[in-house]
Amino acid sequence: MNRHICIHGHFYQPPRENPWLEEIEIQDSAYPYHDWNSKITAECYAPNTASRILDPDRRIIDIVNNYSKISFNFGPTLLSWMEKHQPEIYQAILQADKISQKRFSGHGSSIAQVYNHIIMPLANSRDKRTQIIWGIKDFEHRFQRKPEGMWLAETAVDLETLDILAEHNIAFTILAPNQASRIRKIGEKKRHDVNGARINPKMPYRCILPSGRSINIFFYDGPVSQEIAFNSLLDNGEQFARRLVSTFSDNDDAPQLVHFATDGETYGHHHRHGDMALAYGLYYLEAQNFAKITIYGEYLEKYPPTHEVEIIENSSWSCIHGVERWKTNCGCNSGMHQGWNQDWRAPLRGAMDWLRDNLLLLYEDYMIRFVNDPWGARDGYIDVILNRSDENTERFLSQHLKKEITPEEKVSILKLLEMQRNAMLMYTSCGWFFDEISGIETVQVLQYAARSLQLAKKIAGISLEEVFVNLLEKAPSNIPDFGHGAKIYEMSVKPSVLDLLRVAVHYAVSSLFRDYSEHETIYTYETKRLVYDRMELGKQRLAIGRALVRSTITLEKNEVSFAVLHLGDHNIIGGAREYMGEEAFSQMHDDIHEKFMRGELSEVILRIDNHFKTHNYSLWHLFKNEQREIIYQIFAQARTETENAFRQLYEHHYPIMLALEGLNIPLPKYFSAILEFVVNTDIRSFIENRESNYDKLQRLVHEAKRWAIEFDRPQISLIITRRIDSCMEDLSTSPDNLLIMQQVINLLKTMGVLDLKLDLWRSQNIYFSIGKRLMTEMQKQAATHKTEAQDWLKNFALLGDYLKVRIG
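Residues numbered from 1 in each chain as written. Predicted model: local features only at pLDDT ≥ 70, side-chain atom pairs only at ≥ 80, totals over all residues. Heavy atoms only, no water.

Q: Outline the packing of helix α27 (residues 713-733) against helix α29 (residues 761-783), supporting the account with residue identities and numerical values.
A: For the pair α27 and α29, interaxial distance at closest approach is 9 Å and the crossing angle is 15°. Here α27 lies roughly parallel to α29, going by the angle between them. Our pair here, α27 against α29, has a crossing hand that is left-handed. Counting all contacts with α27, which are made through Ile724, Asp725, Met728, Glu729, Leu731 and Ser732, the residues of α29 involved are Arg762, Ser763, Ile766, Tyr767, Ile770 and Arg773. Among the residues forming the contact of α27 with α29, the class breakdown is six nonpolar, two polar and four charged. (Axes fitted to C-alpha atoms, helices over the stretch in contact; angles between N-to-C directions. Helix = DSSP H or I, 4+ residues; strand = E, 2+ residues; numbered from the N terminus. Parallel < 35°, antiparallel > 145°, perpendicular 65-115°, else oblique. Left-handed = near helix turned anticlockwise from the far one by under 90°. Contact = heavy atoms within 4.5 Å. Nonpolar A, V, L, I, M, F, W, Y, C, P; charged D, E, K, R; others polar.)

Structure, rendered in structure tokens:
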């Protein structure tokens, strides 16, 4: 068969990680950020990797098998996040690639990506090289093979980038059709103009590079890609498949490759259930024998290029002006903010370039003292990023050092390398892609810049921050309250900056609300408790102590003493400073302790001020994730008191509300507010406390419908989803437990009348997995009239109905 189809998904949802913690912090949204990001992952990635797809017959199809049929790339930072927070999905991605190698003549469906999605034509040569090397090394670490292809961020391309790809044995990349300039058949001299996306995308092309090397390029089908991304082609899987087939030329007997490339978010996030259309489309294409499903590596081996191509340098797939979207106000934007401009892009790029160039000089000046090849050391640093164990770090250093070093020099070397890593992370493309400099994407890249600035100051003792911030003043915001980039930096970036003292403060304050062991890991820091004394007087609590704090990234460590006082509610006062010796610590401890035990709280506060001077901290200096948890803990009593007050009003005035209902008189708003609070609270409590009296839940739901109560739908939906997921995880461990099945069935049945939008993807995945493991055996046993198997099949089928999944 000469008809081939290849589908490529570019999966890049950059995690919003705090550069100091290397962890996502809570954002202000209806969902805690981890749940939101899991939700995005579920919509975009999980369905295409781990589990489920419903065809028109509501029949489940194994998506790991289907995912191994498409070409894909995942950003290394996204894979790193998945590895920590969605390990099942992460493992499914790796498994799909292994399956694909068996399917496609030894070629894997995954391709690599430049490390942190920078716009390569705008990078300097060293950064281009490191981005490619890190992308390859990350890929090899995860997929345990060498990549054949590499995705360029936004398909932004120039000849130097292609040359470095070829130098590192990358066989191909994927570009948009508008990035081709001229072609000719190999062996012929005459070239043909294909500007304006007029290139034939149904074949690969060879690009001859200035060095004499060459690389193969696939130009995806533009119209089909546009229809998938922005139109309604994913509304129906069969329609999707037929549209792909319609692209083949009936008059051409030569091998044809119909292929397209879109963002991974297309399948589920931008187009709800787009993952289902994709998977069913693959199934339908194979079932009807319309074409052979392939991937780029296999097709390239079987059908090498017959034509050469010249590219349009400094071009991309998402900016009609080339790569201007990432450096000027070219007019490309989201279209969501009429009247806004992007005049901030050029000054931001200029500030970043100025910082990069100064950090480059600093890096070379200091690093050459320790290693023969500073840039070779940076290229190799990816080995440490992927495995930060002390043993691996020592192995890396032994490979690059030219002399023996002290522990302090080791810390300096790692700080230099981290400074360079963040100096590349600050060029992540989404920082310029959107409409406004105060957006979370741009604030994120500014945080990377701030981390680089902080490390540069620690290494060299000089501050580049003042000049950098002055340059940001030239980057105007569209929002009057923000003014310009410098103000945004001061408001949104500077408060995020951490050092070891700030980590110690977090440790001290949070220790009032949780019991730490002697050794604790707090994100990328390790703490060792040296002295800790906590005491209480009524609502007041005091902690005095000494701790060793160590960064697992730079290995920097510091011993810190602290004292922190909780006056009740949200009132916390504390101080921390570098340990000044046993005598000073003992004097501070005894002084503050004595005043506290006497109940002289004003004197305690005064003593904390005296001993710690300007190093005073409060609840607001906690890391955001723990800050919210502790605030909820502090306010638990207030919440209980409020609940009791509302419940008393509810019980006292309920007869009056019934009377008003009987007279068909609308309830006053204050009565409606009481009903809404109590019923929402009781439903939430029922689910969170894993109660099993479903008659009670039915009464609550009836009450809600009776009074037309307004629900906190995002919150109720979230906790129900968590409860169902938890039950399904229990069922996966004990799949013969019919009681667990009934609990899920009852919960879905009862809550179904409230028309909540539940994210059941994880439960559907688990259901499908259980069915694959047990369905056949249970059917065999049921055929021999075993009652237990018959009951299991009956309940399992009913559960599938409520989960909207059927295995057949």
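Q: Any details on helix α30 (residues 787-803)? Residues and values, ideally.
A: Taking 1.5 Å per residue as the helical rise, α30 with its 17 residues ought to reach 24 Å, and the 24 Å between its terminal C-alpha atoms agrees with that figure. For α30, the complete set of buried residues consists of Ala789, Trp792, Leu793, Asn795, Phe796, Leu799, Gly800 and Leu803. The elements touched by buried residues of α30 are α27, α28 (738-751) and α29. Just downstream of α30, Lys804 is the residue with a positive phi angle, here 65°. (Expected span 1.5 Å × (residues − 1). Buried < 20%, exposed > 50% of the residue type's maximum accessible area, 1.4 Å probe, protein only.)

Q: Which residues make up the pattern of salt bridges, and what values do they have?
A: When charged atoms on two side chains of opposite charge get close, those side chains can pair. According to the stated counting rule, one finds 47 salt bridges in the structure shown. Between Glu298 and Lys302 there is a salt bridge, with the nearest N and O atoms lying 3.6 Å from each other. Here Lys302 and Glu298 lie together in helix α10 (residues 296-302), a separation of four residues that amounts to about one turn. Note on Glu298: relative accessible area 2%, which makes it buried. In this structure, the salt-bridge partner of Glu526 is Arg550, at a minimum N-O distance of 3.0 Å. Within this pair, whereas Glu526 is found in strand β16 (residues 525-537), its partner Arg550 is found in strand β17 (residues 540-551), the two being separated by 24 residues in sequence. (Salt bridge = Lys/Arg side-chain N within 4 Å of Asp/Glu carboxyl O.)

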